[in-house]
Amino acid sequence: MDIREKILTSDLPTPCYVIDEEKLVKNCQILKDVQDRTGCKILLAQKAFSNYDLYPVIKPFLAGTEASGLFEARLGSEKMPDSECHVFCAAYRDDEFDELLKYADHIVFNSPTQLVKFGIRAKAAGKEIGLRINPEHSTQEGHEIYDPCAVGSRLGTTLLQWDELMSDSLIAMLDGLHFHTLCEQNSDALEETLEAVEEKFGKFLYKMKWLNMGGGHHITRDDYDISRLEKEILRISEKYNVQVYLEPGEAVALNAGYLLTEVLDVLRNDKTDIAILDMSAACHTPDVIEMPYRPPLFKSDESGVLEYTYRLGGPTCLAGDIVGDYSFEKEIRVGDKLLFEDMAIYSTCKNNTFNGMPLPDIWKVDSEGVFRLLAHFGYDDFKYRLGSKN
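Scope of this entry: the structure provided in the associated data block. Here the structure is a predicted model, which is why all the values come from computation and not from measurement. (Residues numbered from 1 in each chain as written. Predicted model: local features only at pLDDT ≥ 70, side-chain atom pairs only at ≥ 80, totals over all residues. Heavy atoms only, no water.)

Let us look at the overall build of the protein chain. A tally of regular secondary structure across the protein chain gives 14 helices and 17 strands. Whereas a compact globule of 390 residues would reach a radius of gyration of roughly 21 Å, the protein chain reaches 22 Å, a difference of no more than 12%. Taking the principal axes of its C-alpha atoms as reference, the protein chain extends roughly 70 × 50 × 45 Å. Within the protein chain, buried positions represent 54% of all 390 residues. A separation threshold of at least 6 residues defines the contact pool for the protein chain, and within that pool the share at least 24 residues apart is 67%. Of the accessible surface of the protein chain, which amounts to about 17,700 Å², a share of 48% is contributed by carbon and sulfur atoms. (Helix = DSSP H or I, 4+ residues; strand = E, 2+ residues; numbered from the N terminus. Rg over C-alpha atoms; globule rule 2.2 N^0.38 Å. Buried < 20%, exposed > 50% of the residue type's maximum accessible area, 1.4 Å probe, protein only. Contact = heavy atoms within 4.5 Å. Areas by Shrake-Rupley, 256 points an atom, 1.4 Å probe, with all protein chains shown as cover.)

Spelled out as structure tokens, the structure:
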């Protein structure tokens, strides 16, 4: 039986997330094959997927984790031990930095001023350090909120900033450079970006031990050009004699998760049929609103393609708590179950309890189709975010 059918016809409580362990392994095998063929190292970017119960599944395939701050660095260090732990933050806190040094082995700074402030402490602790650069070459369209190369970006050191602030002694302190400019893109965007990186910073790469090409590489997507990616990795590593790192998050768990939900009500406003679900776009799938993003829905199609079209929305008071318009072969009725796909990324790590909405349980399904509860959330999880534990 198709795993989606199995989830849809199960007695799992709704709403709930279900992580597909078999799909996760398939993604990780693709990433491991890239590492084996090129010698690069691939890290799990925890900002996209941080369900640590699955880290033992991921660990045999990847080189380690990438973190965006203290808590993620600690999580990666604790839950994927004996692996590399890299961290990048736009600005580190002085009162957290010594603790951060306990967990991370590679620390990337966003600016020369942060390098000056913390670099010596990191080096004294035996850490490898890097500087994030901004090649100022955008390959994205329509998603400026996710574009680190947008005009006025706060992320990465531009060549002008480098020339003004990077002394020979600071350059000598660096072990590597880091850039992250992609978002859900193919390897042609990386190839284009590397041209800008080499034009601006190529002469400095000869002095480095490693180059981290960041995330946003949709390597496990069906149409991704892996051969072009591998060609660029090999070219850069051989030309500059550097260890190449990639740190995708989405590619690790792409299409490896689901969100099961139930229809609570069906109503009609003018010519629009509306189904109210027990999941919330605003609370449980924030990227639907922030990106914006229209998630795949099992057994449905685009609006108007099939006979019955419904606008699917959540139960919160936010007028814009809408997932989107979908069409179905049959009428939607109260009590029907729906299954959203590609829900392993940026869902459990970004969800919230706006309106007092309960957080969905998190389940895992293994290759044998067996479900196991990983996390259950209740009233206390909502309450304790807002005040004392009294």
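The next thing to look at is the pairing of strand β17 (residues 371-375). The side chains of a regular strand alternate, first on one face of the sheet and then on the other. Two elements, strand β16 (residues 361-365) and β17, share 4 bridges in a ladder whose sense is antiparallel. Its bridge partner being in β17, V365 is matched across the sheet by F371. Between β16 and the antiparallel strand that follows it, β17, lie 5 residues; G369 among them carries a positive phi value of about 80°. (Pairing = 2+ DSSP bridges.)

Its location among the elements puts L297 in the loop between α13 (287-290) and β12 (301-302). When the C-alpha atoms of L297 and F340 are compared, they prove to be 4.5 Å apart, with 43 residues separating the residues in sequence. Those residues in contact with L297, other than ones at most four positions away along the chain, are L312, Y326, F328, L338, L339, F340 and E341.

The next subject is the environment of M173. Looking at the secondary structure, you find M173 in helix α8 (residues 168-173). Between the C-alpha atom of M173 and that of D336, which follows or precedes it by 163 residues, the distance is 60 Å. Discounting residues that sit within four places of it in the chain, M173 has contacts with L115, G119, I120, K123 and I129.

On the surface, I289, L318 and F354 cluster together into a nonpolar patch covering about 240 Å² of accessible area. Residue position: I289 is located in helix α13. By relative accessible area, which is 38% here, I289 ends up partly exposed. (Patch = residues over 30% accessible without salt bridge, like charges linked within 9 Å, V, L, I, M, F, W, Y side chains within 5 Å. Salt bridge = Lys/Arg side-chain N within 4 Å of Asp/Glu carboxyl O.)

What follows deals with the side chain of S187. Summarising the element assignment, S187 is placed in helix α9 (residues 187-205). Setting aside residues up to four positions removed in sequence, S187 forms contacts with Y224, D225, R228 and L229.

One pass over the full model with this rule turns up 12 aromatic pairs. Summarising the aromatic geometry, the rings of W162 and F204 are spaced 4.4 Å apart at their centres and angled 35° between planes, so their arrangement reads as tilted. With a gap of 42 residues between them, W162 in helix α7 (residues 159-165) and F204 in helix α9 connect regions that are remote in the sequence. On the basis of relative accessible area, W162 is assigned to the buried category, the value being 2%. Residue F204 is classed as buried on the basis of its relative accessible area, which comes to 8%. (Phe/Tyr/Trp six-rings, centres within 6.5 Å; stacked < 30°, edge-to-face > 60°.)

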